[in-house]
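Structural features, examined
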Amino acid sequence: MKSISKPFLMAATALAPLAIAFPAATQAQEADTAEDEGGPIREIVVTARKTEESLSDAPVAVSVIGADQIAEQGLNSIDDFAKTATGISFSQAFGRSTDRPVIRGQSNVLAGVQSGVETGAAYFVDGVYYQGDIQGFDPSSIERVEIIKGPQSALYGRNTYAGAINYITKAPSSDFSVSGRARAAEHNEYELAASVSGPIIGDVLGFRAGGRFFTYGGEYRNQLTGKKVGDEESQSAYLTLQFNPSSDIKWRTRLAWQKDDDGPLAIFLQGAADNNCRPGFRSAFYRNANTAFLPGGNVNNANQYFCGVIRPQPNNIQLNTDPILVSTALGTRDGTAFDGIENEQLLITSTFDWDIGGSGWVFHASGGWRDNENYFGTDSDHSNAFSYFGPPPAANADPEPAFANTNRDDQKDYSAEVRFSTPEDKPIRAMVGGYYFKQKFQSVDITFASGKPGLALGTNGSQFATIENKAIFGMVEWDISDALNITAELRHAKETKTLIDRASATSIFCAGASGRAAQFGFTGTCRGSGSFSGTDPRITVNYTTPGGTLIYGVFATGRKPGGFNGTAGVTAETQYPGSQFVNYLPEKSKGGELGVKFDALDRRLRMSLTGFFNDLTNYQLTTAIPNPAGTGALTSIVTNAGSAETKGLEIEMTAAPADNLIFTLGLSYVDARFKEGCDADEFILNSGGLRANFDTRNPNAAGAPLCDISGRRLPLGSPYIVNGSVSWDKDIGSSGLKLFVNSNFSFEDSKYVQVDNLAKTGDAFLLNARLGLKHENFTFALFGRNLTNEDAIPLATRWFDLRYSGSRNGLPASGTFNGSPAQIETGNPRGFFGTLRKGRTFGAEATFSF
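Described below are features of the structure shown in this document. (Residues numbered from 1 in each chain as written. Predicted model: local features only at pLDDT ≥ 70, side-chain atom pairs only at ≥ 80, totals over all residues. Heavy atoms only, no water.)

**So, the sheet that holds strand 46 (residues 796-800)**
Spatially, three strands are ordered 17-50-46 in an open sheet, and the strand pairing comes out antiparallel. Where the open sheet ends on each side, the last strands, each with one partner, are strand 17 (267-270) and strand 46. Shown here is a sheet whose adjacent strand axes are inclined to one another by a mean of 30 degrees, direction ignored. Sheet analysis places strand 17 next to strand 50 (residues 830-835), joined by four bridges and oriented antiparallel. Opposite Ile267, over in strand 50, you have Thr835 as the bridge partner. (Pairing = 2+ DSSP bridges. Helix = DSSP H or I, 4+ residues; strand = E, 2+ residues; numbered from the N terminus. Axes fitted to C-alpha atoms, helices over the stretch in contact; angles between N-to-C directions.)

So, in structure tokens, the structure goes:
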């Protein structure tokens, strides 16, 4: 086990200077000095269990980021929110795209990258399921963010086997109010946000409306074009209406529009020439430099892999984003037909609560509708290489950029939930409900010929998919005594998926849409439908001591959706006759947690401690399958390979040693490891570059030791996460003006990039600070972000290095394994691409509120 001294030293280093400098205090973050609240740490009401209860009384592990904290610490997105919470790791691996929150170490390398693969930690907006990226969400419109940890499938439903992240937005105010914020910072970062709220018809109808404009110019340059990369822009607007025709009815509807326009990603490639371990055939040594379009490269490195920390390489941002003519004879071009991220969506959420006749019997209904249009493009070799997988196009045809990922995705979904609950003031309470979710998704390829709209659905590289989830659920809660309570929750869900995809003119896959392929422009034979169903319980027992300490235990199960590998799965099955690669099953979690929560010292100290354990089965892993001989390409599919377990400890503390001083500190340790499993890439590395000649789910006796990943840490999650903050303010005279200072920090232990546990990101320590003046109606602050100028990369992905051609440099025609002939891995050498972290930034911000 790694020593815990380093994370705690980081915490002490960050907090000690402010603690010494400002010995006296009111709280500036989540505290309220009002005596009627019983102490300087304000009580927080949460809805983590879909009922209102205080954070201290809720028998569930939940981290809360409130509106005050968001404003006073300048938090901007889920990337910032995760750094203030325990038990969650978030990495901007692909800019503001492909969100991959990792809760308690339960991760997946392909989540959000390969179609259909999901993270296991779902987003919600006002309790309504939200599938997609959420980084552009307006932070000034948020009342609080609840990060609920542990399996939540029984109450929250699909894709919450690791946890749920609920954004609760601000409600209309009872009095007319207006507020706004302006911010300017280095790297051409600017933000303007404003909102207005108040009654329309007395206490019956109220509104809140707001908007935001945000832009960031980027700080790194593409070495091929000289242009900035990593720039971002967001525009958004929302309107919330709340209708209360009587004291028994509350109906709230929110309409939100958002548009993001981001430039090329700040991605660099650490190439195969930097590999330093695991020599073998899949290395630059056995390839020639791709001299057709590049100067000669280093072909003397016989290593297949890189071991150690991948360091940032800004000078290796070499992206062919601008289309250029490469071959006059062929008329072929490199570059991207579209580059960057454009995303536009309309989201409507609505909740309705009716206390029937004031009896306490409550009918609840909620639902949402979302229409999202996304354009994404990047130079997929992440280098100055020019290469096709397959023959180049005909002369002057120019239909396709060379090895670029350029797509247009359209997604529409809607959901509805109804619940019926008994009175809350009874010793035995119950709730029963039903849920429905439907999504339609289609993706088309963007080429030079098609332009931004993309090719027609049904053409090569296109896909049509649907998800339908139906569930019934219920809960029974029993107050055995004033101090002892037991709650049982149960959900039964059935999810049906369809998928039609076309990888080439002759290759189509169709599941769950028999007879409908032609309707969407596809021609081919369809297979049957695919459905996944299951039942998930959650049982909670909690006891409150005479002194007010809450002790609770939870047992729960959860599941992450299964799905189809499509055409890639069919190709894989041809390589291994009799195997089942078309479908992959849901990944399941079973485990529990023990927790303790208490307030002490006249509510000057709040603590929560949680220990947890989860057993994971049918773990979804990436498996690389070679395409038919001679193409030199690999197909990545999802398989259920092995099992794993996660266990750990989380501690959260808030302390107010004086009335105007408050500290927070959070620590999480996660030990997430495979119990069993076989990985094809592991076999290649350990065999010196031979291709596995078996289904990785059923390795032969000789191959099993070389592909075994038991004992390895799950990738993408940090074993240690430590974060904290300190806030102080002081009255200046009797004018109501205050001087304030606050600082927050986060430390994340290095993350492994893949299951082999060889390459990793490096430790990351971030320190932020703000200094300013505030009044009841305005604030002005100077701030610094990432004051340590931390440059450890957020994440990396193993990828092809196409600067080496498929030609062989002394590669033998065949090999042997365990005395038998074995196929040599002939794919391109691989390096790693990584995203650069934003560096040290200084700026100023002003807000007003009336």
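**Topic: the side chain of Asp138**
Relative to the assigned elements, Asp138 resides in the loop between strand 7 (128-130) and strand 8 (142-149). For the buried Asp138, no salt bridge is present, and the opposite-charge side chain at shortest range is Arg212, 4.0 Å distant. Side-chain polar atoms of Asp138 contact the side chain of Ser140, separated by 2.7 Å. Aside from chain neighbours lying at most four places away, what touches Asp138 is Gly211, Arg212, Ser236 and Tyr238. (Buried < 20%, exposed > 50% of the residue type's maximum accessible area, 1.4 Å probe, protein only. Lys, Arg positive; Asp, Glu negative; His and termini not counted. Salt bridge = Lys/Arg side-chain N within 4 Å of Asp/Glu carboxyl O. Polar contact = N/O pair within 3.5 Å; in protein donor to acceptor, adjacent residues only side chain to side chain. Contact = heavy atoms within 4.5 Å.)

**Concerning the pattern of salt bridges**
If charged atoms from side chains of opposite charge come close, those side chains can pair. Tallying each qualifying case throughout the model produces 50 salt bridges. Measuring nitrogen to oxygen at the nearest pair gives 2.7 Å for the salt bridge that ties Glu146 to Arg144. Comparing Glu146 with Arg144, the two get one shared label, buried. When the shortest N-O distance is used, the salt bridge between Arg770 and Glu845 registers 2.7 Å.

**Description of the state of the cysteines**
Evaluation of the coordinates by the stated rule reveals two disulfides. One disulfide in the model links Cys678 with Cys707; its S-S distance is 2.1 Å. Residues Cys678 and Cys707 are joined through a disulfide that is left-handed, its torsion about the S-S bond being -115 degrees. With Cys678 in the loop between strand 40 (661-676) and helix 6 (680-687) and Cys707 in helix 7 (residues 704-707), the pair connects residues that are 29 residues apart, well separated along the chain. (Disulfide = S-S within 2.5 Å.)

**Quick look at the environment of Gly843**
The topology assignment puts Gly843 in strand 51 (residues 841-849). Given a relative accessible area of 14%, Gly843 falls into the buried group. Sequence spacing of Gly843 and Arg770 is 73 residues, and the spatial spacing of their C-alpha atoms is 9.6 Å. In this structure, Gly843 is in contact with Ala184, Ala185, Ala781, Leu782 and Phe783, ignoring residues within four places of it in sequence.

**What to know about the packing of aromatic side chains**
Throughout the structure, instances matching the rule amount to 20 aromatic pairs. Where Phe281 meets Tyr286, the ring centres are 5.3 Å apart and the plane angle is 70 degrees; that geometry is what we call edge-to-face. The same class applies to Phe281 as to Tyr286, namely buried. Between Tyr414 and Tyr436, the aromatic rings sit 6.2 Å apart at their centres with planes inclined by 35 degrees, giving tilted as the arrangement. Note that Tyr414 is positioned in strand 26 (residues 404-421) and Tyr436 in strand 27 (residues 428-445), a separation of 22 residues in sequence. By relative accessible area, which is 23% here, Tyr436 ends up partly exposed. Members of the aromatic cluster, each reached through a chain of ring pairs, are Phe94, Trp799, Phe800 and Phe833. (Phe/Tyr/Trp six-rings, centres within 6.5 Å; stacked < 30°, edge-to-face > 60°.)

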